[in-house]
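# Notes for the structure review
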Amino acid sequence: MGSLSGGNGSLWGMGFFHSQEWNFERRRRRNSGKKEGKSSSNASKSSHADVNGGSDYRFPLKQAMTASSLALTGDTLAQLRDRWLKNKDTLPNPPHPMDMIGALLSEHDWLRSIRMASYGFLLYGPGTYAWYSYLDRCMPKQIVENILMKVVLNQIVLGPAVIAVIFAWNNLWLGKLSDLPNKYQKDALPTLLFGFRFWIPVSVLNFWVIPLQARVAFMSMASIFWNFWLSATMSK
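Residues numbered from 1 in each chain as written. Predicted model: local features only at pLDDT ≥ 70, side-chain atom pairs only at ≥ 80, totals over all residues. Heavy atoms only, no water.

## Quick look at a nonpolar patch on the surface
- On the surface, L111, I114, L172, W173 and L177 cluster together to form a nonpolar patch covering roughly 470 Å² of accessible area.
- Secondary structure elements with two or more residues in the nonpolar patch: α4 (110-138) and α5 (144-174).
- With respect to the helices and strands, the residue L111 is situated in helix α4. (Patch = residues over 30% accessible without salt bridge, like charges linked within 9 Å, V, L, I, M, F, W, Y side chains within 5 Å. Areas by Shrake-Rupley, 256 points an atom, 1.4 Å probe, with all protein chains shown as cover. Salt bridge = Lys/Arg side-chain N within 4 Å of Asp/Glu carboxyl O. Helix = DSSP H or I, 4+ residues; strand = E, 2+ residues; numbered from the N terminus.)

So this is what it looks like as structure tokens:
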């Protein structure tokens, strides 16, 4: 019968030559087989996800290294400025280039530089990349409303978080966590208000023009000036 059936189990496709129970049972087996195949496929995907740790997260090494190097640059500029103001009156007039370079490069606080660089690598780079990725997932369309919302969220969420973390990171390295509340009370609000004037126009440009993969680098380059300010503020 199968050779005459055209492949569907009945004579020339006419199912009334077979009992309804037989057709029902065949359909049930066929559907069961499809479900088992899907279950097997899903189980295979689940097993593959488990092998890979259940997540596609990758540490943003490039963004972390960029943030670290630019945080180091900002701190170096702040230290050079401090030493220039300290030593400019003791330099010969006109100053010899080698004397000026020696005065500026001497007494460099390498621990302070490492502290800022590690903050950029471990905290600022990965943290801001995750934040910008989250904002892009929530508001993917490049429309005015979304850009303005991103800028506002950047200032009221990311800004205070960055200040809180960098102050805590600095005091942790210095062994002065007990002084952290006083540091917040004294410097956090002025730093945040100054940051609003600087970061709002930078954030508008960042969200409007800069692609996601380059945003940490762009913001880190802008933060050379910001890190200069932070480094000077924290060293008071």
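## Some points on the environment of M219
- For M219, the position within the fold is in helix α7 (residues 212-234).
- With a relative accessible area of 3%, M219 lands in the buried category.
- M219 sits 20 residues away from W199 along the chain, and the two C-alpha atoms are 9.1 Å apart.
- If we ignore the near neighbours within four places in the chain, the residues touching M219 are Y124, Y132, N154, W199, V202, S203 and N206. (Buried < 20%, exposed > 50% of the residue type's maximum accessible area, 1.4 Å probe, protein only. Contact = heavy atoms within 4.5 Å.)

## Looking at the packing of α4 against α5
- It is at 11 Å that the axes of α4 and α5 come closest, and there the two elements cross at 155°. Here α4 lies roughly antiparallel to α5, going by the angle between them. Every pair of crossing elements has a handedness; the one defined by α4 and α5 is right-handed.
- Within the contact of α4 with α5, the residues separate by chemical class into 19 nonpolar, 4 polar and 3 charged. (Axes fitted to C-alpha atoms, helices over the stretch in contact; angles between N-to-C directions. Parallel < 35°, antiparallel > 145°, perpendicular 65-115°, else oblique. Left-handed = near helix turned anticlockwise from the far one by under 90°. Nonpolar A, V, L, I, M, F, W, Y, C, P; charged D, E, K, R; others polar.)

## A short note on the nonpolar core
- Counting 29 residues, the largest nonpolar core has Y124, Y132, F167, W199 and W226 as the members making the most contacts within it.
- Counting only elements with at least two residues in this core, the list comes to α4, α5, α6 (180-209) and α7.
- Residues within four places of W199 in sequence aside, it is in contact with Y124, Q155, M219, A222, S223 and W226. (Core = buried A, V, L, I, M, F, W, Y, C linked by side-chain atoms within 4.5 Å.)

## Points about the packing of helix α2 (residues 61-87) against α4
- At a minimum axis separation of 7 Å, α2 and α4 run at an interaxial angle of 140°. α4 is crossed by α2, and the crossing has right-handed handedness. Residue-level contacts link L61, Q63, A64, M65, A67, S68, A71, L72, D75, A78, Q79 and D82 of α2 to R112, S113, M116, A117, G120, F121, Y124, G125, P126 and Y129 of α4.
- Across the contact of α2 with α4, the residue classes break down as 13 nonpolar, 6 polar and 3 charged.

## A word on the pattern of salt bridges
- Counted according to the given criterion, the structure contains 5 salt bridges.
- Where K150 meets D136, a salt bridge forms, and the shortest distance between an N and an O atom there is 2.8 Å. With K150 in helix α5 and D136 in helix α4, this pair connects stretches of sequence that are 14 residues apart.
- On the basis of relative accessibility, which here comes to 1%, the residue K150 falls in the buried class.

No statement about biological role is implied by the geometric values presented.
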